[in-house]
Amino acid sequence: MSTEEQSGAGSIEHQDTENTTNQNESKAVPRNFAPIPSINLNPDLFQGVSVDDLYQHAIKLHERNSLNTLELNKIAQALQEVQTILTERNQDNFTIRQARLSDIDSLYNMVNYWYQQGENLPRAREDIIRNIQSFAVCVRKGVVLGCACLYVYDSGLAEIRSLGVNPSIQRQGQGRSIVEFLLHRAQQYDIKKVFVLTRNPKFFAKVGFTLTTREALPEKILKDCEHCPKQDHCDEVAYEINL
């Protein structure tokens, strides 16, 4: 056989192999798979909303007799299935959620650790328990890796306090996610302004906060600053965000 014929035979053999491969690939793709259902939802209604938020909203509707018990149970079951699926699929990722009483030890240890580092004010365990609903936590594989709380003053002004993340996983987005979770909660409460006193202004600037002065926050001065041992040489700066 000539060299040209050998080349031609090789080409035909290659084409046959390609055809066989394509046929096998075609057979491997199921023809009767179910299409992804299309649901017409307004994304603005659910942006930043957790499964817990949805369930609490359903409970409020039930209390107003806008949902009957059967409908509430169906929603609870569906949300539980959603939570289970998301947990299984995100074993290596972190989630942000409302703090629970079962988180108290982790919250107290986290807040106390950053107090010892000079970053936060101390919080008594009893104080954390009383204000558990103001806390949000970052969790991965059931372990609390970060926390912060949204403290609301009588004037309607709010402060992000006790922000801390496990030092072994810092700079991976957990702190920002906690802050954004609390800002979304503040919007749900119709709070117009949130502030923070911080030694890390660059972090809060990236989240959307802008520089202000402590003098513009009389609620904070009255509550904490007048009793703080560092009031005469405070090294924190005030940042705020309008919602």
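Worth saying up front: this structure is predicted, and the values here are computed from it rather than measured.

### So, the overall build of the protein chain
A tally of helices and strands in the protein chain yields nine helices and seven strands. Counting only residues that meet the buried cut, the protein chain has 30% of its 243 residues in that class. Residue pairs at least 24 apart in sequence account for 68% of intrachain contacts in the protein chain once pairs closer than 6 positions are excluded. Per element, the accessible surface of the protein chain, about 16,300 Å² overall, is 50% carbon and sulfur.

### Regarding the pairing of strand β4 (residues 158-165)
Across the eight residues of β4, seven count as buried, placing the element largely inside the fold. Of the strand pairs in this sheet, strand β3 (residues 143-152) and β4 are connected by six bridges, and their pairing is antiparallel. By the bridge assignment for β4, Leu-150 is matched with Ile-160. What sits between β3 and β4 in their antiparallel hairpin is a turn of five residues, with Gly-156 showing a positive phi close to 95 degrees. Here β4 runs beside strand β5 (residues 193-198); their pairing, made up of two bridges, is parallel. Within the sheet, the bridge partner assigned to Glu-159 lies in β5 and is Phe-195. With helix α7 (residues 174-188) bridging β4 and its parallel neighbour β5, the resulting β-α-β unit is right-handed.

### Points about the packing of aromatic side chains
Tallied over the entire structure, the rule returns five aromatic pairs. Residues Phe-204 and Phe-209 carry aromatic rings whose centres are separated by 5.3 Å and whose planes lie at 80 degrees to one another, so their mutual orientation is edge-to-face. Comparing Phe-204 with Phe-209, the two get one shared label, buried. Put simply, the rings of Tyr-151, Tyr-153 and Phe-195 pair up and form one aromatic cluster.

### Considering the side chain of Glu-159
Topologically, Glu-159 is positioned in strand β4. In this structure the side chain of Glu-159 is engaged in a polar contact, spanning 2.7 Å, whose partner is the side chain of Tyr-153.

### Re the sheet that holds β5
Across the sheet, which stays open at both edges, the seven strands sit in the order β1-β2-β3-β4-β5-β7-β6 with mixed pairing between neighbours. The open sheet has two edge strands, β1 (95-98) and β6 (210-211), and neither has a second partner.

### Observations regarding the confidence of the model for the protein chain
Mean pLDDT over the protein chain stands at 80; residues scoring 70 or higher make up 72%. Counting contacts from residues 1-33, a segment whose pLDDT is below 50, to residues more than four positions away or on other chains yields two contacts.

### Here's the deal with the nonpolar core
Membership of the largest hydrophobic core comes to 24 residues, with the highest contact counts inside it found for Leu-150, Ile-160, Val-179, Leu-182, Leu-183, Val-194 and Phe-209. Of the residues forming this core, the biggest block, six residues, is contributed by α7. Each residue touching Leu-150, except ones within four places of it in the same chain, is listed here: Ser-134, Ala-158, Glu-159, Ile-160, Leu-182, Arg-185, Ala-186, Tyr-189, Ile-191 and Val-194. Within the second largest apolar cluster, 14 residues are counted, among which are Phe-135, Val-137, Val-144 and Cys-147.

Conventions used here
- Residues numbered from 1 in each chain as written.
- Predicted model: local features only at pLDDT ≥ 70, side-chain atom pairs only at ≥ 80, totals over all residues.
- Heavy atoms only, no water.
- Helix = DSSP H or I, 4+ residues; strand = E, 2+ residues; numbered from the N terminus.
- Buried < 20%, exposed > 50% of the residue type's maximum accessible area, 1.4 Å probe, protein only.
- Contact = heavy atoms within 4.5 Å.
- Areas by Shrake-Rupley, 256 points an atom, 1.4 Å probe, with all protein chains shown as cover.
- Pairing = 2+ DSSP bridges.
- Right-handed = clockwise from strand over helix to strand, strands pointing away.
- Phe/Tyr/Trp six-rings, centres within 6.5 Å; stacked < 30°, edge-to-face > 60°.
- Polar contact = N/O pair within 3.5 Å; in protein donor to acceptor, adjacent residues only side chain to side chain.
- pLDDT = per-residue confidence, 0-100.
- Core = buried A, V, L, I, M, F, W, Y, C linked by side-chain atoms within 4.5 Å.

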